Every structure is written in C-alpha cells, then in structure tokens.
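Take a look at the letters that make up each chain.
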Amino acid sequence: MERRPFGWTGVLIPVVGQGTWRMERDPRAAVAALRRGLDLGMTHIDTAESYADGRVEEIVGEAIAGRRHEIFLVSKVLPENASRHGTMAACERSLRRLRTDYLDCYLLHWPGEHPLAETIAAFEDLVRQGKIRTWGVSNFNEDELEEAVRLAGPRRVACNQVYYWLGERGVEHFILPACERHEVAVVAYSPFGQGRFRSHPVLEEVARAHGATPRQVALAFLVHRPSVFTIPKAARREHVEENAGAGDLRLSDEEVARISRAFPLPRARRGRLPVL
C-alpha cells in the first residue's frame, strides 16, 4: 500500500483508507471489515460523531482495540457543536466512544453558524492538550478554505475532506488547487458516488492492462495527484480487499488522460459544496 505525506504535516499515511458512514447496520461485519483493512495496510480510518449518533465511533473503537498505534484516526465535530466550548466537549465524547486518548486529526464536518475562529481556537487548545495531533475541515469550498488559512495561519489546516469521484470532479477547478497552494491534504470521500458508480469501457480496458478491476482504477485515478487520499467505505471483506488493491496501482499519464476524457470535468462553478 503506497503511503505519502499528509499535506504539510509530513505524516505518512496510506493513499486508500477506510470510511465508516452507515457502518452501524451490521456491527459485527463492520468490525471484521475494518480489521481486515488494517491487515492490508488501510490504516487511515475516518469517522464522525454524527454517524448513527456516535454508534459508529463505538464500532471503530472496538475494531481498533489493541492496534491504536498502527492507525491514523480521524473524527469530526458537527457544526452545531462547534463553538469553542462545544468543540472541546464533543472531542471528549468522541475519544470515549473510540476508546482512545487522542485523535490524529479532528475535522469540522462542514461550515456552520458558529464563528470559525472559535472552532479553530478550540482545535488549537486540543492540540496543546495532546488530545488531537492535527486538525482540518470538511466540505469547505475554496473561499472557506482561504478563510480558515487566514484565521489559523500557514501550516495549520491539515486537510479538507470533500465529495470527489469520477462522476463529480468539480473540486478540480478551484478547491484542489487552493488546497495544494496551502499544502492541505485532500481526502476524497464517497469515491464511488454513494452507489452511483458505473463502469465504463475505458475503465475496463485500463483494468485489464493492470490485472485490476474498474473500481480499483477509479480509486487510482483519484489519488494520482500527490495531494489526494481517499476513504472508500466497505462493510464486507471482499470489498475491503478490492479497495486495498488500488493502493499500489499506478496509472500512466496516458491512462489518466483517457479516463479524464471519459469522465469529463463539469463546467467550472463556485459556491457551496454538496454535503453528504
């Protein structure tokens, strides 16, 4: 599994990690899938307090028991909880559910009504207390990211987690360049479009050339940019193993160009990102 620096932090994490949204549906299978992913090198695990009202964090806590030292663990605070005091309290709750005393990265789930400066102040308090190692944002457009960097200063925002897959490449217009300008890692969530992914003859041809699957090629396309990581969710062992197989798949420049033509960029637009 390829590992690369997580933005300016320099921490090496796998290019393909594990998302956990809706994993509460079959907790036993979810725990087994997450543990299999760890065995395969998918040690970046992403979760959130909002997932099943904290139940998914508890599932993750069970899955990583005894293996915390291996893992780059990420959770998120809901915008309605993201006041300075509320962020601190939310983090404490997440730590209890995850059975750990620190997070590797803590994110604001999406922009909300609380002043961003308050949330950032809480994140910095948590860093000083050793309860989080880094912090970042999720679902921020380029203007919101620029504001976060302005408030926090350079090399403070570790990542921006965004909805990004072959069927929704709009982030490539403005958001990815803004993140790369500030050395902010980009984490692509729902990289199969929440079930909307469909294969394509180009994906199938590239997959055959590599002894891979079209889904693996789709993941490899997303992470061909050095700034991008992805966190597909897989609640079954076979899907975990397929996702992990994308972690060492290298596409040529010509293959990237072919896939890009098959799944063209949408018209450039600015504004609020979709939140999923």
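The coordinates are above.
Visitor: Would you mind going over the pairing of strand β8 (residues 185–189) with me for this structure?
Guide: Look at any regular strand and the pattern is simple: side chains alternate between the two faces of the sheet. The element β8 is extensively covered by neighbouring structure, given that five of its five residues are classed as buried. Judged by which residues are buried, β8 turns out to be covered on both faces: A185, V187 and Y189 on one side and V186 and A188 on the other are all buried. The pairing of β8 with strand β9 (residues 228–230) spans three bridges and is parallel. Note that in β9 the partner of V187 across the bridge is F229.

Visitor: I tried to follow the pattern of salt bridges on my own but got confused; where do I start?
Guide: Side chains carrying opposite charge are able to pair once their charged atoms draw close together. The tally for this structure, following the rule as stated, stands at 25 salt bridges. A salt bridge links E205 to R258; its shortest N-O distance comes to 2.4 Å. Residue E205 is found in helix α7 (residues 201–210), and its partner R258 is found in helix α10 (residues 253–262); the two are separated by 53 residues along the sequence. A relative accessible area of 22% places R258 in the partly exposed class. What you see here is one network of salt bridges that share partners, running through E2, R4 and R250.

Visitor: What's the story with the side chain of E57 in this structure? I'm lost.
Guide: When you line up the elements, E57 lands in helix α2 (residues 55–63). Here the side chain of E57 touches R97 through a polar contact of 2.6 Å, side chain to side chain. Not counting chain neighbours up to four residues away, the residues in contact with E57 comprise T47, A48, E49, S75, S94, R97 and L98.

Visitor: Help me out: how do you make sense of α7 in this one?
Guide: Residues of α7 that are buried include every one of V202, L203, V206 and A207, and no others. Projected onto a plane normal to the axis of α7, the buried residues spread over an arc of 130 degrees and lie on a single side. Seen from the buried face of α7, the exposed residues on the opposite side, beyond 90 degrees, are R208 and A209. Each element contacted by the buried residues of α7 is listed here: α8 (214–222) and α10. With its phi angle positive at about 65 degrees, G211 sits one or two positions after the end of α7.

Visitor: Is there a simple way to explain the packing of α7 against α10 in this structure?
Guide: Working note: a packed helix pair is described by the angle between its axes plus the distance between those axes. Following both chains from N to C, one finds α7 and α10 inclined at 160 degrees, their axes separated by 9 Å at the closest point. Overall, the two elements α7 and α10 adopt an arrangement that is roughly antiparallel. The two elements α7 and α10 meet at a crossing, and its hand is left-handed. Contact residues: V202, L203, E205, V206, A209 and H210 in α7; E255, R258, I259 and A262 in α10. Partitioned by chemical class, the residues of the contact of α7 with α10 number six nonpolar, one polar and three charged.

Visitor: When you look at the sheet that holds strand β6 (residues 132–138) in this model, what are you seeing that I'm missing?
Guide: Note on sheets: strands pair through backbone hydrogen bonds, and any given pair is parallel or antiparallel. Read across the sheet, seven strands follow the order β3-β4-β5-β6-β7-β8-β9 without closing on themselves; strand pairing throughout is parallel. Each edge of the open sheet carries a strand with a single partner, namely β3 (44–46) and β9. Each neighbouring strand pair of the sheet contributes to a mean axis angle of 30 degrees, computed without reference to strand direction. Strand direction decides the pairing type here: strand β4 (residues 72–77) and strand β5 (residues 103–108), joined by four bridges, are parallel. Bridge pairing in β5 links V74 to C105. Running at roughly 135 degrees to β5, helix α3 (residues 84–98) makes contact with β4, β5 and β6 of the sheet.

Visitor: What exactly am I supposed to notice about the packing of aromatic side chains here?
Guide: The way to describe two aromatic rings as a pair is by their centre distance and the angle between their planes. Scanning all chains against the criterion turns up six aromatic pairs. Plain terms: the ring middles of F192 and F197 are 5.6 Å apart, the flat faces sit at 65 degrees to each other, and that makes the pair edge-to-face. There is no split in this pair, since F192 and F197 are both buried. Feature note: the residues F6, F72 and F229 constitute an aromatic cluster, connected by ring pairs. Looking at R4, its charged tip hangs above the ring of F229, at a distance of 5.9 Å from the centre. Seen from the ring of Y102, R68 lies directly overhead, with NZ or CZ sitting 4.0 Å from the centre.

Visitor: I tried to follow the side chain of S227 on my own but got confused; where do I start?
Guide: On the secondary structure map, S227 appears in the loop between α8 and β9. Those residues in contact with S227 that sit more than four places away from it in its chain are E180, A185 and V186.

Visitor: Is there a simple way to explain the nonpolar core in this structure?
Guide: Note on soluble globular proteins: their nonpolar side chains tend to be buried together. Counting 92 residues, the largest nonpolar core has F6, Y106, L251 and I259 as its most contacted members. When residues in this core are grouped by element, the largest group, six residues, is from α8. Contacts of L251, omitting those with residues within four sequence positions, involve V206, H210, V217, A220, F221, V256 and I259.

Visitor: In this structure, what is going on with the packing of helix α1 (residues 27–39) against helix α9 (residues 237–244)? I would like to understand it.
Guide: Close contact between α1 and α9 brings their axes to 9 Å; oriented N to C, the two are set at 25 degrees. Compared by their axis directions, α1 and α9 come out roughly parallel. As α1 packs across α9, the resulting crossing turns out to be right-handed. Between α1 and α9, the residues in contact are A33, R36 and G37 and R237, V240 and E241, respectively. Residues that form the contact of α1 with α9 fall into these classes: two nonpolar, one polar and three charged.

Conventions used here
Residues numbered from 1 in each chain as written. Predicted model: local features only at pLDDT ≥ 70, side-chain atom pairs only at ≥ 80, totals over all residues. Heavy atoms only, no water. Buried < 20%, exposed > 50% of the residue type's maximum accessible area, 1.4 Å probe, protein only. Helix = DSSP H or I, 4+ residues; strand = E, 2+ residues; numbered from the N terminus. Pairing = 2+ DSSP bridges. Salt bridge = Lys/Arg side-chain N within 4 Å of Asp/Glu carboxyl O. Polar contact = N/O pair within 3.5 Å; in protein donor to acceptor, adjacent residues only side chain to side chain. Contact = heavy atoms within 4.5 Å. Arc of directions from axis to C-beta. Axes fitted to C-alpha atoms, helices over the stretch in contact; angles between N-to-C directions. Parallel < 35°, antiparallel > 145°, perpendicular 65-115°, else oblique. Left-handed = near helix turned anticlockwise from the far one by under 90°. Nonpolar A, V, L, I, M, F, W, Y, C, P; charged D, E, K, R; others polar. Phe/Tyr/Trp six-rings, centres within 6.5 Å; stacked < 30°, edge-to-face > 60°. Lys NZ or Arg CZ within 6 Å of the ring centre and 35° of its normal. Core = buried A, V, L, I, M, F, W, Y, C linked by side-chain atoms within 4.5 Å.

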